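# Analysis of the macromolecular model
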Amino acid sequence: MEYETQKIDEGIEKRGLPKPLHKLSAEETERRRASVMIGSDILAYAERFMREEGFSQLLPVLLSPITDPLWPDPAAGIYKRLEFDIYGTTVRTMHSMIVHKLVGTSLLLDRFFVVSPNIRLEKPERASTGRHLFEFSQLDFEASGASSGEIRSIIERLLSGLIEHIGTAEGKRFELLKGSLPKFKIPFKVYMREDLEREYGESWEDELPKHIEEPVWIVDLPREFYDYEDPKTHRWDNFDLYLPGRGELVTGGLREFEYEKMVSKIGSAGVKAELYTLLLELAKERKIKQSAGAGIGMERLIAWITGAKHVGDVQAFPKIPGMVYEL
Ligand code: ASN
């Protein structure tokens, strides 16, 4: 055990990974404290903004038989899916509350958001990307009857208001981090995924962040069955927001709501339909209303604003892929 701990410590040091709290020097503790406190302010601002936009805040769900398949998603790098039995039923740790959002906006509330902890066991080789964690939280929200453009506009207004707020409220803490706030204008530029593939090839996701100075939208991304695909053009009415030097911050889109389309997309993706029985039954009874929504990675947002190199540097208790610390 002691040997293992020493090996992990050496690994963290050598690779410059975020350390556990009890291993930080006094100066590093000050910096971690500043990032976490700016993070607290960011969270409070974002929650207030969402309420003012008419979204109610729900508390998160952590375990359910149904979660996001995260498949097919070109960016997925899951090393293990956690499933276990409770009370005789198989449950999964929450990958994202997407299905809860579709059902919730159809049966309960037109607009809601959740600061939603997600457990995705990313591959250990993602430890040093600076972007991946095996536990993170997203500001996940959904609006019945909204378009994907409306959702993008909400996010643009949230981000620009947030940067302005943090600039005035958090000046002192920024001095300590020696950082400068991101600068950008809204609306952000919109790129078609197809054009990026043509320009940068298959690995456009890694290339694009090196070539942009401000956040940009990417639209039309073939991925999980719940995002809307035009049956005639095969274009997807969904989006990602990419940050300069960092990559994806937000994922979202307009959603599927029709039974036949869901069934056929689940089938062609090779996802097990029996895992989504409830959603499919509701869709068959035409009880699923069309909605649109998105999720903003909170640690990525805080790391971008504070200038942290690794998303784990803004977590009080870092969750680095492949590294399990005591807390
Ligand atoms: N939250 C995302 C969305 O709303 C889904 C995800 O996290 N995979 O589209």
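### Remarks on a nonpolar patch on the surface
The grouping of Leu21, Phe317 and Leu327 at the surface amounts to a nonpolar patch, some 300 Å² of accessible area in total. Secondary-structure assignment places Phe317 in the segment after helix H10 (298-306). Given the relative accessible area of 41%, Phe317 is considered partly exposed.

### Things to note about the sheet that holds strand S6 (residues 111-119)
A sheet is described by the order of its strands in space; here eight strands give the open sequence S1-S6-S8-S13-S12-S11-S10-S9, paired in mixed fashion. Among the strands making up the open sheet, the edge pair consists of strand S1 (56-57) and strand S9 (189-192). Where S1 and S6 come together, two bridges link them in parallel fashion. Bridge pairing in S6 places Ser56 opposite Phe112.

### Focus on empty space enclosed by the protein
Within the structure shown, the criterion is met by one cavity of 30 Å³ or more. As for the largest cavity, its lining consists of Pro20, Leu21, His22, Ala316, Phe317, Pro318, Tyr325, Glu326 and Leu327. Classifying every residue of the lining of the largest cavity gives seven nonpolar, one polar and one charged.

### A few points about the sheet that holds strand S2 (residues 63-64)
The strand order S2-S5-S4 describes an open sheet built from three strands, whose pairing is antiparallel. What marks the edges here is a single partner per strand, and that holds for S2 and strand S4 (83-86). Pairing of S2 with strand S5 (residues 89-93) involves two bridges; the strand directions are antiparallel. When the sheet's bridge partners are listed, Ser64 is paired in S5 with Arg92.

### Looking at the environment of Leu243
Relative to the helices and strands, Leu243 resides in strand S11 (residues 238-243). Distance from Leu243 to Pro215, taken between C-alpha atoms, is 4.6 Å for residues 28 residues apart in sequence. For Leu243, the residues in contact, after removing those within four places along its chain, are Pro209, Ile212, Pro215, Leu249 and Trp304.

### Quick look at the layout of surface pockets
Approximately 1000 Å³ is the volume attributed to the largest pocket. Together, 46 residues line the largest pocket, and Asp73, Ala75, Arg120, Glu248 and Thr251 are the ones closest to its centre. Elements represented by at least two residues in the lining of the largest pocket include exactly helix H3 (98-107), strand S8 (135-144), helix H6 (193-200), helix H7 (204-207), S11, strand S12 (247-254), strand S13 (291-297) and H10. Counted by class, the lining of the largest pocket contains 17 nonpolar, nine polar and 20 charged residues. Approximately 600 Å³ is the volume found for the second largest pocket. In terms of lining residues, the second largest pocket is bounded by 22 residues, among which Gly16, Pro18, Arg31, Lys309 and Asp313 are the most central.

About the cut-offs
- Residues numbered from 1 in each chain as written.
- Predicted model: local features only at pLDDT ≥ 70, side-chain atom pairs only at ≥ 80, totals over all residues.
- Heavy atoms only, no water.
- Patch = residues over 30% accessible without salt bridge, like charges linked within 9 Å, V, L, I, M, F, W, Y side chains within 5 Å.
- Areas by Shrake-Rupley, 256 points an atom, 1.4 Å probe, with all protein chains shown as cover.
- Salt bridge = Lys/Arg side-chain N within 4 Å of Asp/Glu carboxyl O.
- Helix = DSSP H or I, 4+ residues; strand = E, 2+ residues; numbered from the N terminus.
- Buried < 20%, exposed > 50% of the residue type's maximum accessible area, 1.4 Å probe, protein only.
- Pairing = 2+ DSSP bridges.
- 1 Å grid on protein atoms, 1.4 Å probe; cavity = no way out; pocket = protein on both sides within 12 Å on 5 of 7 lines; lining within 4 Å.
- Points joined across faces, edges and corners; volume = space filled by probe spheres on them.
- Nonpolar A, V, L, I, M, F, W, Y, C, P; charged D, E, K, R; others polar.
- Contact = heavy atoms within 4.5 Å.

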